[in-house]
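Descriptive analysis of the structure
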Amino acid sequence: MKNFKNRTVVINFKNNVNIAVTIGKPDKPLLVDGKNTNPFFNEAGYYLIEEIRIGKKLVHFFPLNRIYNIDFRLANWRFPSNCYVITDPPYNIGFKYNTYSDKLSPEEYCDLLKAAVEKRKSIVIHHPEETINILPRVTGTLCQEVATWVYNVNTPKQSRSITWWGCKPDFSKVGQEYKNPNDPRIKLRIAAGKKARIYDWWFIQLVKNVSKKMSGNPHKCTIPEEVIERIILTTTEVGDIIVDPFAGSGTVLKVAKKLGRKYLGFEIDRTYYRYMKSIGL
Ligand SMILES: C[S@@+](CC[C@H](N)C(=O)[O-])C[C@H]1O[C@@H](n2cnc3c(N)ncnc32)[C@H](O)[C@@H]1O
């Protein structure tokens, strides 16, 4: 195996099809709780195949339905080209995460977001100001839809923007309770088992501050599952691939799994990673 490291081996077939296989970079497997978390290596520490080309076409190779305890930028060039990035990134507001420092320079912060979303179908949850100022510069594509997620809290920020880049949701795919259930026509619809469609204004409360001891979740800014459920149901189909480069406690991945989507998640912090493992991701 060693002889082949960083080498591309080309196999010629009779019908003039070349299959080129590139073997990965040298390093050690990253073991967490005795399990390999480094996508570049197998359990024994051997190099994994990094890419396969048939003729000139690159066939990506990345095990799906897994989470990785790494900086996603080590692997972003391998995200499947047809994936949907659904993410609630760090907001660069000095929030206290275990490992990650949430105080980057504006340039570093733009580069971080760019590495996650550039030229990908992406749905990003962020404050309205950053959504307007930063995302158009880093996505490399047009914004197709905006929804506003609102909640009641005693802080100056009571809403976030959810924006779709390079893809579009279909809000009619998700129902909600009618807001005027006493209207005679609406009463008839409710009796017939119908629901109202969702619109671009989502009132969904924040996840309550249940103590870490009670919930087992060490993450302090878990996103409500209902927000992610709406995004996934309105935007993707069963079997689609969803990537969250900033997985946190794994809400996007948990909901993706529940709804029959394939997923890939990355989280730089080991405690959050271990929590995700403990809930079956
Ligand atoms: C806003 S939180 C995500 C919370 C998540 N939506 C949830 O429901 O739990 C952002 C996460 O990104 C992680 N992070 C920051 N930079 C990262 C990087 N380069 N690679 C992987 N994870 C990173 C942080 O540790 C943090 O947990």
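Note that the structure is a prediction, hence the values are computed from the model and not measured.

This paragraph deals with the overall build of the protein chain. The number of helices and strands found in the protein chain is eight helices and 16 strands. Per-residue burial over the protein chain gives 27% buried out of 281 residues. In the protein chain, 59% of the contacts between residues at least 6 apart in sequence involve partners at least 24 apart.

Now for the site of the ligand. Around the ligand, a shell composed of 23 residues is seen, among which F246, G248, S249, T251 and I268 lie nearest. Among the residues making up the shell around the ligand, the classes are represented as 12 nonpolar, six polar and five charged.

Unlike most non-glycine residues, N65 shows phi in positive territory, near 55 degrees. Mapped onto the elements of the fold, N65 is located in the loop between β6 (57-60) and β7 (66-68). Positive phi, normally seen in glycine, also occurs at N92, with a value near 60 degrees. Inspection of the secondary structure assignment puts N92 in the loop between β8 (84-87) and α1 (106-117). Look at N92 and you get buried, because 21 C-beta atoms sit within 10 Å.

Our next topic: the sheet that holds strand β15 (residues 241-244). Sheets are built from strands that pair by backbone hydrogen bonding, the pairs being arranged parallel or antiparallel. In spatial order, the strands read β7-β16-β15-β8-β9-β11-β10-β14; together these eight strands make up an open sheet with mixed pairing. The strands lining the two open edges of the sheet, one partner per strand, are β7 and β14 (201-203). The sheet shows a mean angle of 20 degrees between the axes of neighbouring strands, direction not considered. Looking at chain direction, strand β10 (residues 143-150) and strand β11 (residues 159-165) are connected through seven bridges and run antiparallel. Among the inter-strand pairings, E145 is bridged to a residue of β11, identified as W164.

Below, the discussion takes up helix α8 (residues 270-278). Within α8 the residues assigned to the buried category are Y272, Y273, Y275 and M276. Along the axis of α8, the buried positions cluster into a sector of 160 degrees, meaning they face one direction only. Where α8 terminates, the next one or two residues include G280, which has phi positive at roughly 90 degrees.

In this section: the pairing of β8. Every second residue of β8 is oriented toward a common face, with Y84 and I86 on one face and V85 and T87 on the other, all of them buried. Pairing geometry for β8 and strand β9 (residues 121-126), over four bridges, is parallel. Residue pairing in the sheet places Y84 in a bridge with K121 of β9. Between the parallel pair β8 and β9, the chain is carried across by α1, and the sense of this crossover is right-handed. Pairing analysis gives two bridges linking β8 to β15, with the strands arranged parallel. Pairing of V85 across the sheet is with V243, part of β15.

Let us now look at the pairing of strand β16 (residues 262-266). Most of β16 is tucked away: four of the five residues are buried. Direction of pairing for β7 relative to β16: parallel, over a ladder of three bridges. Each bridged residue has a counterpart across the sheet, and for Y68 the counterpart in β16 is F266. Relative to β16, β15 runs parallel, the two being bridged by four bridges. Bridging across to β16, I241 finds its partner in K262.

Per-residue confidence for the protein chain gives a mean pLDDT of 83, with 76% of residues at or over 70. For the stretch residues 1-6, pLDDT sits under 50, and the model shows nine contacts to residues farther than four places along the chain or on other chains.

Our focus in this paragraph is the packing of helix α6 (residues 225-235) against helix α7 (residues 251-258). It is the contact of α6 with α7, at a shortest axis distance of 9 Å, that shows an interaxial angle of 55 degrees. Considering their axes alone, α6 and α7 lie oblique with respect to each other. Pair α6 / α7 crosses with right-handed handedness. Here E225, I228, E229 and I232 of α6 come into contact with α7, specifically with T251, V252, V255 and A256. Partitioned by chemical class, the residues of the contact of α6 with α7 number five nonpolar, one polar and two charged.

Bringing the nonpolar core into the picture now. Grouped together as the largest cluster of nonpolar side chains are 42 residues, with contacts concentrated most on I86, I228, I242 and V252. The residues contacting V252, other than those within four sequence positions of it, are I86, T87, I228, I242, D244 and A247.

The rules behind the values
Residues numbered from 1 in each chain as written. Predicted model: local features only at pLDDT ≥ 70, side-chain atom pairs only at ≥ 80, totals over all residues. Helix = DSSP H or I, 4+ residues; strand = E, 2+ residues; numbered from the N terminus. Buried ≥ 20, exposed ≤ 12 C-beta atoms within 10 Å, placed from the backbone. Contact = placed C-beta atoms within 7 Å. Near = placed C-beta within 6 Å. Nonpolar A, V, L, I, M, F, W, Y, C, P; charged D, E, K, R; others polar. Pairing = 2+ DSSP bridges. Axes fitted to C-alpha atoms, helices over the stretch in contact; angles between N-to-C directions. Arc of directions from axis to C-beta. Right-handed = clockwise from strand over helix to strand, strands pointing away. pLDDT = per-residue confidence, 0-100. Parallel < 35°, antiparallel > 145°, perpendicular 65-115°, else oblique. Left-handed = near helix turned anticlockwise from the far one by under 90°. Core = buried A, V, L, I, M, F, W, Y, C linked by C-beta atoms within 7 Å.

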